[in-house]
Amino acid sequence: MARGKLRIYLGAAPGVGKTYAMLSEAHRRVERGTDCVVGFVEHHGRRRTEVMLHGLEEVPRRALEYRGATFTEMDVDAVLARAPKVALVDELAHTNVPGSRNAKRWQDVEELLAFGVDVISTVNIQHLESLGDVVDFITGVRQQETVPDEFVRRADEIELVDMSPQALRRRMAHGNVYQPDKVDAALSNYFRPGNLTALRELALLWVADRVDAYLQQYRSEHRVSAIWGSRERIVVGLTGGPEGRTLIRRAARLAEKGAGGEVLAVYIARSDGLTSASPKELAVQRTLAEDLGGTFHHVVGDDIPAALLDFARGVNATQIVLGSSRRKAWQYVFGPGVGATVARESGADLDVHIVTHEEAAKGRGLPVARGARLGRARIAWGWLVGVAGPVLLALLLSTVRLGLANDMLLFLAVTVAAALLGGLLPALASAAVGSLLLNYFYTPPLHRWTIADPKNIVAIVIFVGVGISVASVVDLAARRTHQAARLRAESEILSYLAGNVLRGETSLEALLERVRETFGMESAALLERADDRAPWTRAGHVGFGRPVERPEDADVEVPVGDRTALALTGRVLPAEDRRVLAAFAAQAVVVLDRRRLQEEADQARALAEGNRIRTALLAAVSHDLRTPLAGIKAAVSSLRSDDVAWSEEDRAALLEGIEDGADRLDHLVGNLLDMSRLQTGTVTPILRETDLDEVVPMALGGVPDPRVSVELDIPETLPMVAVDAGLLERAVANLVENAVKYSPGGAPVLVSASALSGRVEVRVVDRGPGVPDEAKERIFAPFQRYGDAPRGAGVGLGLAVARGFAEAMGGTLDAEDTPGGGLTMVLTLRAAGPRPETQPGPDPEPRPATPATPATPERQAPC
């Protein structure tokens, strides 16, 4: 049976019209006579979507019992028995109720496809499995229901259902997506313009990549080698020289001018591995290309222009960016260069940009030294040529007589070849064997180990001398190459250390790890002691193997002063490595000193903050405590006075003033003590699973007539929260008191709660004057009053205490604007888990936070 075809309507967020588009397609197919049924479609109470279901055959759903409740899911067996041509299956990422045929709905769809049924489905971009972390970071909502990307990519058709964020928010405000009581919370949370824009970009880019994959597949199947400029792809040819950064930036600017431009930086390396490119510079250019949104590629090819063009055509590039040649004018006698060759052979489908730079025409410079001394293979060839070469040459010359001078030049050529290949020792062996063969076969008297003519003796001596000289030069060059490579490595290490000193980035452990890796050791430790008689202690240690307690126990020990030493274990290092190791040791001591100075600075900063708090406390005591005390003192003195006969109403008013002053003092002193505990770090919350509907009402005890001034919306189905009930009550009380203080007359404060992705949000909403964005963080600082609040309104600690308590319990407290005016305080707490009696049924769409209008930040912290 042929596999069915899958068509998916992909959207950026709930409400963009995926289900509506799917039903519209179904009506079009039914009108054409296609056998089409509804396997599962959920309209979520949206009237226009519900109307679209009229006229379509629906397969009855399967009812399932779960935790005392009844749920309905798609009946896969019933759809298969009906055997339609097309089945509509909404919400591809949906998680089926336990007891269903499959755990996920996309698995149900897979069965229908395997049976030969064409399926039309819907899914939102946030439900793709690979984008879970990205969506969580953008929206703060972790998607529990996901569908594998590979399943979606295998769809025969993917159609994007797009809508601008502004249009979607208008649709929500009109009540076309969620119920009216949820609109404010949704617009303030998940459906913020920034969230919707980011999700829309994710959807557009994902579909664009899918279209690009389709295009590449088509080009491959039809063997299309010509470049189709459907998308700007710019290839940057790198040589490893310093001009590469300029080329990458230039290419990035070109890509920005076109929609969906892409930069691909490529370095062509020869197959023999010999190159003058700087690995460090290539690493920098790789990082730069990736930072600018491009990719870096390493390609092997001996013909650089051909390899570059093949790569560009293979990725369907439209432009190539190359730098002006660094060769000097006379070097063009060896060829036109890479840039000219690429431009000549690129054809009409590739644009080649030659970019000027500061290094143009300055010469390529000396090749970077690679490798150490002569390799083993090269030395073996040197010995073979040095020993066997003279013998083979003697056998060849035995058939031809060229004269002694010519014979000597040929033997000298073999010796020089041995010297170039293997160095000094193979050249000496070649000179010795060659001189003996010259003496025996070609120097009179022949076939004897004597020389009759003194001139021949001089010739043989010169022959041996030339061979030794050439071999010495080759050996010296090899040693110089080894030294240059070593010095270069040392300079890179020292440059790394210098950069860390200037930036102050490296921690002690990271530096010790770098030491261990650089020198191939098992462990590295920095030891120190207080004085010459004190025992050694480890200030830092990395690696494995036996721990080092004293410098004497290490394989390598580098002292830094009298009281610090760098100790390494693993092997004994040669003396030439100790110079760089000493630089590492000095840097390790600098890092250790910097860390201690930072700790001392942090302590000093904490002391200074404590002093500031104490100064502010004294200022608060000097005025804000004195005012209620003065009122209490005056009332008590009046009551005790015998000069005035107070009426019952007067006595009651004075007693009420005393009570109000005492309550105010109690609240003020409580906040001062709480702030002091927070500053000294002595707040230790005892976290227990707690119901919000038990704690929040208790926090309203100090609010005047809370039945009139506060509205509560705490659903009983909320999960329990892991909090300290006492701290939570104090925090909510401060938030509510602050909101009531700034709410205009007759406008009650709303306290609501909702569950959101493993968290519970408590929102305290007022309709007051609000707070500008630049002041939203400042109002949480201690002793801050917003606007022209009078000093009698408190010392400005209420919100600071509330945030401190929230953070102590592992939560957060933030301020947001209330839609329509005002301020919302959002207290986010960690959910402890669902209530035992509730059913965490599958949620087809990401639900916004339950209705709550944001609340008012503390223009002045309540006291």
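Residues numbered from 1 in each chain as written. Predicted model: local features only at pLDDT ≥ 70, side-chain atom pairs only at ≥ 80, totals over all residues. Heavy atoms only, no water.

Asker: Can you walk me through the overall build of the protein in this structure?
Answerer: Of the regular secondary structure elements, the protein holds 24 helices and 24 strands. Here the protein holds 863 residues, and the buried ones make up 44% of them. If you take every contact in the protein between residues at least 6 apart in sequence, the share linking residues at least 24 apart comes to 74%. (Helix = DSSP H or I, 4+ residues; strand = E, 2+ residues; numbered from the N terminus. Buried < 20%, exposed > 50% of the residue type's maximum accessible area, 1.4 Å probe, protein only. Contact = heavy atoms within 4.5 Å.)

Asker: What am I meant to see in the packing of helix α23 (residues 725-742) against helix α24 (residues 798-808) here?
Answerer: Packed helix pairs are characterised by how far apart their axes lie and by the angle those axes make with each other. The interhelical angle for the contact between α23 and α24, taken along N-to-C directions, is 145°, at an axis separation of 9 Å. Helix-helix and strand crossings are classified by hand; for α23 and α24 the assignment is left-handed. Counting all contacts with α23, which are made through L727, R730, A731, N734, L735 and N738, the residues of α24 involved are G798, L799, V801, A802 and F805. Within the contact of α23 with α24, the residues separate by chemical class into 7 nonpolar, 3 polar and 1 charged. (Axes fitted to C-alpha atoms, helices over the stretch in contact; angles between N-to-C directions. Left-handed = near helix turned anticlockwise from the far one by under 90°. Nonpolar A, V, L, I, M, F, W, Y, C, P; charged D, E, K, R; others polar.)

Asker: Is there a simple way to think about the nonpolar core in this case?
Answerer: Nonpolar side chains in soluble globular proteins tend to end up buried together. L88, L92, L112, I125 and V147 are the most contacted members of the largest nonpolar core, which has 63 residues in total. The leading source of residues in this core is helix α9 (residues 193-221), at 6 residues. If we ignore the near neighbours within four places in the chain, the residues touching L92 are I8, R105, W106, V109, S121, T122, V123, V147, F151 and V152. Core analysis: the next-biggest nonpolar cluster, separate from the first, contains 40 residues, V721, V723, L799 and L823 among them. (Core = buried A, V, L, I, M, F, W, Y, C linked by side-chain atoms within 4.5 Å.)

Asker: Even after reading the chapter, I still don't get empty space enclosed by the protein, so can you show me in this structure?
Answerer: Here the idea is plain: a probe the size of a water molecule rolls over the atoms and shows the empty space left. Applying the stated criterion to the full structure yields 3 cavities of 30 Å³ or more. Of the pockets and cavities examined, the second largest cavity occupies roughly 40 Å³. Lining the second largest cavity are A12, A13, V16, M163, P165, L168, L196 and R200. Put simply, the parts of the chain that give the lining of the second largest cavity at least two residues each are α7 (165-173) and α9. In the lining of the second largest cavity, the residues fall into 7 nonpolar, no polar and 1 charged. (1 Å grid on protein atoms, 1.4 Å probe; cavity = no way out; pocket = protein on both sides within 12 Å on 5 of 7 lines; lining within 4 Å. Points joined across faces, edges and corners; volume = space filled by probe spheres on them.)

Asker: Just to check I follow, could you spell out a nonpolar patch on the surface for this structure?
Answerer: Taken together, the side chains of I379, W383, V387, L425, L428 and I468 define a hydrophobic patch exposed on the protein surface, amounting to about 470 Å² of accessible area. Of all elements in the fold, only α14 (376-397) and α16 (424-442) reach the threshold of two or more residues within the nonpolar patch. Ranked by residues supplied to the nonpolar patch, first place goes to α14 with 3 residues. Positionally, V387 belongs in helix α14. For V387, a relative accessible area of 38% corresponds to the partly exposed category. (Patch = residues over 30% accessible without salt bridge, like charges linked within 9 Å, V, L, I, M, F, W, Y side chains within 5 Å. Areas by Shrake-Rupley, 256 points an atom, 1.4 Å probe, with all protein chains shown as cover. Salt bridge = Lys/Arg side-chain N within 4 Å of Asp/Glu carboxyl O.)

Asker: Honestly, the pairing of strand β9 (residues 233-238) in this entry has me stumped. Any pointers?
Answerer: Residues in a regular strand project their side chains so that they alternate between the two faces of the sheet. Most of β9 sits inside the fold, with 6 of its 6 residues counted as buried. Side chains R233, V235 and G237 project from β9 onto one buried face, and the interleaved I234, V236 and L238 project onto a second face that is buried too. Note: β9 against strand β10 (residues 262-269), 6 bridges, orientation parallel. Its bridge partner lying in β10, R233 is registered against E262. Across 3 bridges, the pairing between β9 and strand β12 (residues 319-323) is parallel. Across the sheet, the residue bridging to I234 is Q319, located in β12. (Pairing = 2+ DSSP bridges.)

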